[in-house]
Amino acid sequence: MAAGWYCRAGVVDLSFEAESPLAPPAELLETLPSCDWVLQGDRHQIFFPPSETTGRPQEQRCWSSFLEHRVPVVTEEVAREALLSFVNSKCCYGSAAASDLVILELKQQNLCRYRLETFSESRISEWTFQPFTNHSVDGPQRGTSPRLWDIKVQVPPMFQEDTRRFQVPHSSLVKECHKCHGRGRYKCSGCHGAGTARCSSCSGAKRKAKSARRCQMCSGSGRRRCSTCSGRGNKTCATCKGEKKLLHFIQLVIAWKNSLFEFVSEHQLDFPGELLAKARGETLFKDENTTVYPIVDFPLREISLASRRGISEHSAALASRARVLQQRQTLELIPLTEVRYWYQGKTDVYYIYGTDRQVYLVDYPERYCCGCTII
């Protein structure tokens, strides 16, 4: 019999205890002699990525050419067309107000949105198990298990999150099932092995309350067949599926994650910031590499500071637990226009934002119902 294989002989004994815990005890899984990176008793361990040398910083850029990029000016005609398009998309908005309102003033600002994406890979190990079906065992006798960061896997497309699990080679051990103690079945916890349970109709009294007639549900016996085990008194072990043994092995869990840092330059308009995070912008600058470096000397100092802060935060958060595969930073120009208008003696505002000219307003003057949500 191979090392690590345990088997209990004999017929099924129904006098054993009821269902035991699902998870195996830590002492059951000893350290594999060929895996010096598996800690004794540790069934979930994070592995630090190997250190890598960083590339050379990017050269200083001249930002004047980037800022020459301009988004078309919003005129009164453009502002009205954007509002009409928005109104027509709403089932309970009338278009008369959008057509007749008087535009008093247009305040246009071009905001800068900085976005940093860091695509990283982290690896952890954990003990797991499955029913053993007498197939070959890839244990330590077949060789030394590779270190987790030496295992080659196919990386998903950059900046697309994913999680995959792999069995670590030469890490398998066969053990007696810890739940049924190698019997393949265990005593039913519903009837404690009796196969019958107290009748729920008469509560075991054999007769209905205030009635001389015997209970028809249990035929006057006070007990009924156990519905949990169908009267057998025992159940097939759900952990080993009746196989009596479990194949334990170390599982490598690889998670690819895309961390995001985002910053939008300040503005003086009463406009919700969460919409700016979703707004379409015109790309001014894009830098993608294994490692990107902070933007320096940008005319808006807050953008340079945000770039430095984002890269620093990602570096601090990922340095000890993940390997950075790729970084991407973008700088976008987002147009935002406040439109002040007059309609039927009342002055109000709405906003046009993004290169696709989305509209945001709080109170449209011509609504026919109150069941719509304004966005």
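Residues numbered from 1 in each chain as written. Predicted model: local features only at pLDDT ≥ 70, side-chain atom pairs only at ≥ 80, totals over all residues. Heavy atoms only, no water.

**Some words on the overall build of the chain**
For step 1, the next point in the chain: Within the chain, the regular secondary structure consists of 5 helices and 13 strands.
For step 2, the next point in the chain: Per-residue burial over the chain gives 41% buried out of 375 residues.
For step 3, the next point in the chain: Pairs at least 24 apart in sequence give 81% of the contacts found in the chain among residues at least 6 apart.
For step 4, the next point in the chain: Total accessible area on the chain is roughly 21,100 Å²; 48% of this is exposed by carbon and sulfur atoms. (Helix = DSSP H or I, 4+ residues; strand = E, 2+ residues; numbered from the N terminus. Buried < 20%, exposed > 50% of the residue type's maximum accessible area, 1.4 Å probe, protein only. Contact = heavy atoms within 4.5 Å. Areas by Shrake-Rupley, 256 points an atom, 1.4 Å probe, with all protein chains shown as cover.)

**Considerations on helix H2 (residues 76-88)**
For step 1, the next point in the chain: Its 13 residues give H2 an end-to-end C-alpha distance of 18 Å, which sits within 8% of 18 Å, the value for a rise of 1.5 Å per residue.
For step 2, the next point in the chain: Regarding H2, the residues found buried are Val78, Ala79, Ala82, Leu83, Phe86 and Val87.
For step 3, the next point in the chain: The secondary structure elements touched by the buried residues of H2 are helix H3 (96-100), strand E2 (102-131), strand E11 (323-343), strand E12 (346-353) and strand E13 (358-360). (Expected span 1.5 Å × (residues − 1).)

**Digging into the nonpolar core**
For step 1, the next point in the chain: Leu83, Tyr350, Ile352 and Val359 are the most contacted members of the largest nonpolar core, which has 21 residues in total.
For step 2, the next point in the chain: Mapped onto this core, the elements with two or more residues apiece are H2, H3, E11 and E12.
For step 3, the next point in the chain: Broken down by element, the residue count for this core peaks at 6 residues, all from H2.
For step 4, the next point in the chain: Excluding its chain neighbours within four sequence positions, the residues that come into contact with Leu83 are Ala98, Leu101, Tyr350 and Val359.
For step 5, the next point in the chain: Residues Phe263, Ile295, Leu331 and Leu333 belong to the second largest nonpolar core, which totals 15 residues. (Core = buried A, V, L, I, M, F, W, Y, C linked by side-chain atoms within 4.5 Å.)

**Quick notes on the pattern of salt bridges**
For step 1, the next point in the chain: Within the structure shown, the criterion is met by 11 salt bridges.
For step 2, the next point in the chain: Its salt-bridge partner being Arg164, residue Asp162 comes within 2.9 Å of it at the nearest N-O pair.
For step 3, the next point in the chain: The partly exposed category is assigned to Asp162, whose relative accessible area is 28%.
For step 4, the next point in the chain: One salt bridge connects Arg328 with Glu288, and the closest N-O pair in it is separated by 3.8 Å. Here Glu288 lies in strand E10 (residues 282-289) and Arg328 lies in strand E11, a separation of 40 residues in the sequence.
For step 5, the next point in the chain: Each of Arg113, Arg115, Glu262 and Glu332 takes part in a single network of salt bridges with overlapping partners. (Salt bridge = Lys/Arg side-chain N within 4 Å of Asp/Glu carboxyl O.)

**Some thoughts on the packing of aromatic side chains**
For step 1, the next point in the chain: Applying the stated criterion across every chain, the model contains 9 aromatic pairs.
For step 2, the next point in the chain: Centroid distance Phe271 to Tyr360: 5.6 Å. Interplanar angle 85 degrees. Geometry classified as edge-to-face. Of this pair, Phe271 sits in the loop between strand E9 (245-264) and helix H4 (273-278) while Tyr360 sits in strand E13; the two residues are 89 residues apart in sequence, bridging distant segments of the chain.
For step 3, the next point in the chain: Ring pairs connect the aromatic residues Phe271, Tyr351, Tyr353 and Tyr360, which therefore count as one cluster.
For step 4, the next point in the chain: One residue, Arg328, lies across the ring of Phe159, its end atom 4.0 Å from the ring centre. (Phe/Tyr/Trp six-rings, centres within 6.5 Å; stacked < 30°, edge-to-face > 60°. Lys NZ or Arg CZ within 6 Å of the ring centre and 35° of its normal.)

**A closer look at the pairing of E11**
For step 1, the next point in the chain: When you tally the buried positions in E11, you get 18 out of 21 residues, the bulk of the element.
For step 2, the next point in the chain: The pairing of E2 with E11 spans 19 bridges and is antiparallel. Residue pairing for E11: Glu117 is matched across the bridge by Arg328.
For step 3, the next point in the chain: In this sheet, E12 lies alongside E11 in antiparallel orientation, the contact comprising 8 bridges. Of the residues in E12, the one forming a bridge with Leu336 is Tyr353. (Pairing = 2+ DSSP bridges.)

**Here we look at the confidence of the model for the chain**
For step 1, the next point in the chain: Of the residues in the chain, 79% have a pLDDT of 70 or more, and the chain-wide mean is 81.
For step 2, the next point in the chain: Every residue in residues 1-21 is under pLDDT 50, and counting partners more than four places away or in other chains gives 36 contacts.
For step 3, the next point in the chain: Contacts for the low-pLDDT stretch residues 34-43, under 50 throughout, to residues beyond four places or in other chains number 32 contacts. (pLDDT = per-residue confidence, 0-100.)

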